[in-house]
Each structure stands twice: as C-alpha cells, then as structure tokens.
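# Breakdown of the fold
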Amino acid sequence: MLVNKRAKAFQKARAFFEERGIVEADCPLLSRFASIDAHIDLIEASTFQGKRFLITSPEYAMKRLLSKGAPDIYFLGHVFRDSEYGPKHNPEFTMAEWYRRAYTMGDMIAETLEFCKLFTGPLPVERYTYHQAFRYFAGQEVGTQDLDLVMINEIEPRMNKEALTIISHFPADQAALAMREGTIAHRFEIYAGGIELCNGYHELTDPLEQKKRFIEENKRRNQLCKAALPMDLFLLDALETFPPCSGVAVGFDRLLMLEWGAKHIEEVQLFSWNNI
C-alpha cells in the first residue's frame, strides 16, 4: 500500500540525517510574515489575531533556530504554495530541507547528491555552471532575456534524463537568498529525469542585504500586479547572529516520483488536491 511505501521512504530519509548527526527541527506551518518571492504565491489563513501565511518553506524558522545556537538541522514535512498544480506540482507537498554549519556550496552539493541517490539510484552526474548550461543546452549567452523561461522551455527538456544534472554559480541577479561574489551567486539546483529536485545556497548572512532583497522582490511582485508581502522582521533580527552555513530544499515527492516511476505527483501522495 502507498501508506507503507511513504512511511518507509520517510524512515530512509530520517536515517540519512541521523547518521550524519543532523537534528530534526519541528517548525511551525503558520507565520505572521511571508516568504517573499515574486513568483511564489502564498496561501493565507484567518486566525483570531488576524491574517497568517502557510509556509512555502521552513527556511526562515530554521535560520532563527540556527541563530540561537541550534546544531545542523533538517525539516521533513508539508509546505504550501498557491496556484501550483499539475503533474509535478501540488499546492501542498512534502519538502526535505536542511542546513549545515560551515559548509561551502560544494560541500552541500556533494551531500545533496548522496541524499538524492537514495531514491534515484546511482545515476551519473553532469555538472554545468549557469552560463555553461545556457551555452550548451540553449545555444545562447545569459543576457536580458527571461532566464526562467529559457531554463524551463529550452534547457530542462534537453538535460540527460538518465543523469543527475547540477546547475551552479547563478548570475548575481538570480541569487535569491544566496551569498554573492562579484557577478556570481553561490546557488545551485539539481535535476533528474528532466525534473528540478532542489534549490540550495551558501546562505546570505547580512541582514541589511537581506532587507534590500526583500524590497527588490516586492517591487518585482508589484510589476507582476501582485501585492507586496510583509518582511519577516524575526528573520532580519536573527541574521545578526546567523552562522556561516549552506542549506538546501529538496522536493521529496518528486524524488518518490522518480523512485517509483510515477508520472503525476498525486500517484505518490496519500491524498490528492481534489480529495481533501
């Protein structure tokens, strides 16, 4: 039964973290503040104290724990993103996210590959920088074009379906919450079977830069005719004592799709979006 298969998958994931001394963090699913991303829509909840948001990632809460001295930590649970529904997307899905103190982006990539291979098997690995991927798969240089559209429509379909593909060293304007070094952001993604599995960073630790990026993302939201979202003041305070580290978020249901040969995300979930 599917319930047994998912239970065993969770056990396998938790064993991976336990073997490495990474501690499970029990993070809240509601927040008064929002994860600000121009391309991610949040699900709102009404409470006796006003509006709250269902988390799109446990990232902000986990960073607050790390800033208070928590050891390396992981989260394995549900997150929520509105308006995302299709063969590879569900508004409620399972995420595995973890943070490693003093890890470089290279360290994080290596460990994330180990985790992914628990479910994909020992696939070969192909590595490209962001600029190399544009040249190799799309035959063009990174410029002023819509980079996300090029990635989705031209690069992802041409990736080797029988390999784990790493895209790293993103342009600085694609940094999200990663550290920047000149024109490069210390950010990476890993794909398998043409499916994006994860997004990882050598994490930004500067609260002033973080506030600046929140403002920039809200401006992008306004340009897309979306409302600005409230900045997480707790996170900005936490970054004052946030340690150097790297982190990654992995779409756990997508890993199960690859392991079980599923074509639709609902095949690996106990409850489909239309049955809740």
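Please refer to the structure placed before this passage.
Residues numbered from 1 in each chain as written. Predicted model: local features only at pLDDT ≥ 70, side-chain atom pairs only at ≥ 80, totals over all residues. Heavy atoms only, no water.

## Let's talk about the nonpolar core
Side chains of a nonpolar character, in soluble globular proteins, are inclined to be buried together. Here is the rule we go by: Residues belong to one nonpolar core when they are buried, are Ala, Val, Leu, Ile, Met, Phe, Trp, Tyr or Cys, and are joined through side-chain atoms within 4.5 Å. For every residue, the accessible area obtained with a 1.4 Å probe (protein chains only) is divided by the maximum for its type, and the residue is called buried under 20%, exposed over 50%, and partly exposed between those limits. A helix here means a DSSP run of H or I that spans at least four residues, while a strand means a run of E at least two residues long, and both kinds are numbered starting from the N terminus.
Ranked by internal contacts, the top residues of the largest apolar core, which has 34 residues, are Trp-98, Phe-115, Phe-119, Phe-188, Val-250 and Phe-252. Among the elements that line this core, the one with the most residues is helix α3 (residues 105-120), at seven residues. With 28 residues, the next largest nonpolar core counts Tyr-60, Ile-73, Phe-75 and Tyr-201 among its residues.

## Some thoughts on the packing of helix α1 (residues 2-19) against helix α8 (residues 252-260)
Stated formally: Working convention: axes come from line fits to C-alpha atoms, limited for helices to the stretch in contact. Angles between N-to-C directions cover 0 to 180 degrees. Should an angle fall under 35 degrees it is taken as roughly parallel, and over 145 as roughly antiparallel, whereas 65 to 115 is taken as roughly perpendicular and any remaining angle as oblique. For any pair of crossing helices, the crossing counts as left-handed if the nearer helix is rotated counterclockwise from the farther one by less than a right angle, and right-handed if it is rotated clockwise. The contact criterion used is simple: two residues touch if any of their non-hydrogen atoms lie within 4.5 Å.
It is at 12 Å that the axes of α1 and α8 come closest, and there the two elements cross at 115 degrees. In terms of orientation, α1 and α8 fall into the roughly perpendicular class. Both α1 and α8 take part in a crossing whose hand is right-handed. Here α1 contributes Leu-2, Lys-5, Arg-6, Ala-9, Phe-10, Lys-12 and Ala-13 to the contact with α8, which in turn contributes Phe-252, Asp-253, Leu-256, Glu-259 and Trp-260.

## A few points about the packing of helix α4 (residues 130-138) against helix α5 (residues 147-155)
Which entries qualify depends on this criterion: Only Asp, Glu, Lys and Arg are considered charged, only Ala, Val, Leu, Ile, Met, Phe, Trp, Tyr, Cys and Pro nonpolar, and every remaining residue, Gly among them, polar.
Running from amino to carboxyl end, α4 crosses α5 at an angle of 45 degrees, the nearest separation of the two axes being 10 Å. Taken as axis vectors, α4 and α5 run oblique relative to one another. Two packed elements cross with a definite hand, and for α4 against α5 that hand is left-handed. Contact residues: α4 offers Tyr-130, Ala-133, Phe-134, Phe-137 and Ala-138, while α5 offers Leu-147, Val-150, Met-151, Glu-154 and Ile-155. The residue inventory of the contact of α4 with α5, partitioned by class, reads nine nonpolar, no polar and one charged.

## Considering the environment of Ala-172
Within the secondary structure, Ala-172 is located in the loop between β8 (164-171) and β9 (180-181). Residues Ala-172 and Phe-53 lie 119 residues apart in sequence; the distance between their C-alpha atoms is 28 Å. When neighbours within four sequence positions are excluded, Ala-172 is seen to be in contact with Arg-180, Gly-182, Thr-183, Ile-184 and Ala-185.

## Quick word on the side chain of Glu-156
Operational definition: His is not counted, nor are the chain ends; Lys and Arg add positive charge and Asp and Glu add negative charge. Each salt bridge in this description consists of a side-chain nitrogen of Lys or Arg and a carboxyl oxygen of Asp or Glu lying within 4 Å of one another. The definition of a polar contact used here is a pair of N or O atoms within 3.5 Å, where within protein one atom must be able to donate a hydrogen and the other to accept one, and adjacent residues in sequence count solely through side-chain atom pairs.
Turning to its location among the elements, Glu-156 is positioned in the loop between α5 and β8. Buried and without a salt bridge, Glu-156 has Lys-88 as its closest oppositely charged side chain, separated by 4.8 Å. Of note is the side chain of Glu-156, whose polar atom sits 3.4 Å from the side chain of Tyr-191. Leave out the neighbours within four places in its chain, and Glu-156 touches Met-151, Lys-161, Tyr-191 and Gly-194.

## Concerning the sheet that holds strand β2 (residues 30-31)
Rules: Strands are treated as partners if at least two bridges between them are detected by DSSP.
Pairing is antiparallel in the open sheet, where three strands are placed in the order β2-β4-β3. Unpaired on one side and paired on the other, β2 and β3 (44-47) mark the two borders of the sheet. In the sheet, β2 pairs with strand β4 (residues 50-54) via two bridges, with the strands oriented antiparallel. Across the sheet, the residue bridging to Leu-30 is Leu-54, located in β4.

## Re the pattern of salt bridges
When charged atoms on two side chains of opposite charge get close, those side chains can pair. Per the stated rule, a full pass over the model turns up 17 salt bridges. Within the structure, one salt-bridge network assembled from shared partners comprises Glu-19, Arg-20, Asp-72, Arg-100, Glu-111 and Glu-114.

## Brief notes about unusual backbone geometry
One non-glycine residue, Ala-176, lies in the positive phi region at around 55 degrees. Judged by its relative accessible area of 33%, Ala-176 is partly exposed. Not every positive phi belongs to a glycine, and Cys-225 is a case in point at roughly 65 degrees. Of note, Cys-225 is situated in the loop between α6 (207-223) and α7 (233-238). What makes Cys-225 exposed here is its relative accessible area of 76%.

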